[in-house]
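# Fold and contact review
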Amino acid sequence: MEAKDIKRIACVGSGVIGYSWALYYSLKGLSVNAYDLTEEKLELAKQRIHESLINLKKNGVVDDKEMAEIEGRINYTTSMEEAVKDVEFITESGPESYEIKQKMVEEMEKYTSSKTIISSSTSGLLITEIAKNAKHPERFIGAHPYNPPHLIPLVELTKGEKTSEKVLETAKEFYQLVDKEPVVLQKEALGFICNRIQMALYREVCSLVMNGVCTIEDADKAVTYGPGLRWAIMGPSLVFELGGGEGHVDGLMKHLNPSISLWLHDMADFKDFPPEFPEIARKGVEESLKNRPKEIGNDDASLAEYRDKMLIELLKLHNKL
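Let me sum up the structure you'll find in this document. (Residues numbered from 1 in each chain as written. Predicted model: local features only at pLDDT ≥ 70, side-chain atom pairs only at ≥ 80, totals over all residues. Heavy atoms only, no water.)

Now for the nonpolar core. Core analysis: the largest hydrophobic core is formed by 40 residues, its most contacted members being Ile9, Tyr25, Leu53, Phe89, Ile141, Phe174 and Tyr175. Here this core takes six residues from helix α1 (residues 16-27), the largest share from any one element. If we skip the residues at most four places from it in the chain, Leu53 touches Leu23, Leu27, Val62, Met67, Ile70 and Glu71. Counting 18 residues, the second-largest nonpolar core is a separate cluster that includes Ala10, Met80, Val84 and Ile130. (Core = buried A, V, L, I, M, F, W, Y, C linked by side-chain atoms within 4.5 Å. Buried < 20%, exposed > 50% of the residue type's maximum accessible area, 1.4 Å probe, protein only. Helix = DSSP H or I, 4+ residues; strand = E, 2+ residues; numbered from the N terminus. Contact = heavy atoms within 4.5 Å.)

A few words on the side chain of Thr91. Looking at where Thr91 falls in the secondary structure, it is placed in strand β4 (residues 89-92). Classification of Thr91 as buried rests on a relative accessible area of 1%. Among the polar contacts listed, one links the side chain of Thr91 to the side chain of Ser119, at a separation of 3.4 Å. Setting aside residues no more than four positions away along its own chain, Thr91 makes contact with Ala10, Cys11, Val12, Trp21, Tyr25, Ser119, Ser121 and Tyr175. (Polar contact = N/O pair within 3.5 Å; in protein donor to acceptor, adjacent residues only side chain to side chain.)

Let us look at the sheet that holds strand β5 (residues 117-120). If you trace the eight strands from one edge of the open sheet to the other, you get β3-β2-β1-β4-β5-β6-β7-β8, paired in mixed fashion. The open sheet is flanked by β3 (74-77) and β8 (181-184), the only strands paired with a single partner. Strand-to-strand, the axes of this sheet are offset by a mean angle of 25°, without reference to chain direction. Taken strand by strand, α1 contacts β1 (8-12), β2 (31-35), β3, β4, β6 (140-145) and β7 (154-159), and its axis lies near 170° from that of β1. Its contacts with the sheet put helix α5 (residues 98-111) on β1, β4, β5 and β6, and the angle it makes with β4 is roughly 155°. (Pairing = 2+ DSSP bridges. Axes fitted to C-alpha atoms, helices over the stretch in contact; angles between N-to-C directions.)

See below:
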């Protein structure tokens, strides 16, 4: 099967990630089967898709006619057989548990073609383990999106020990055809690329807050109005390339090495977050929200709406919308 032949998708699991995947595939003109265990879960997915489309409409991405067409391309079902039997590509977005995902693998393989590519949205579990009991482990890949998948272009591709190179290449090409930005892990790694980077950053936020250097609010501001602005344009190595001037990235690293070494030796390297930090983070977020006007989000709902609005503007600048 070639990437261009992938026209029908099954989204197995329609929660926060699964519904967003279903919406994205439909936005790209593909036919989608959205599966979940109960009608209630599917009704929630349908509601989330509709609300997300209203938000896209507000920001000039779709109009009423397009909304109706996008919603019309999505079929909802509680039958695994109906969901997967005639599709070329499956996106699994079940709970982050090896046991549950392995059961889902068994169920999907009962009904789908042996040629169908099955991707997992796992945030960092190993594909080798997810597919260890599969009849056709060669067609399993990891395809980890960043939330919300219908807006953020990144998808991290990883393979298991038995994954076919052809399957990985086909999946990469498919994602490129639907305007995603796939990155490929050269070997399996827990947490993949971005979650590891994200947790390394948040570990340092935790350390700074716990050591009284700054508040949660100021740590967020420091990232948003400092490196976050640059990272929204290009990656850290390209940022350092420009920072190095004629010396390039290697010149910058060598020039700053004495200072960087001092920082690194003083930075956090703990392997578990302090048990009291989640509550400290929650209180810090609540305090931060009090200081934000509603137009940039001062509760979860308005914060999500503001996030999506800003993402859409950034994606337009990147020619992704």
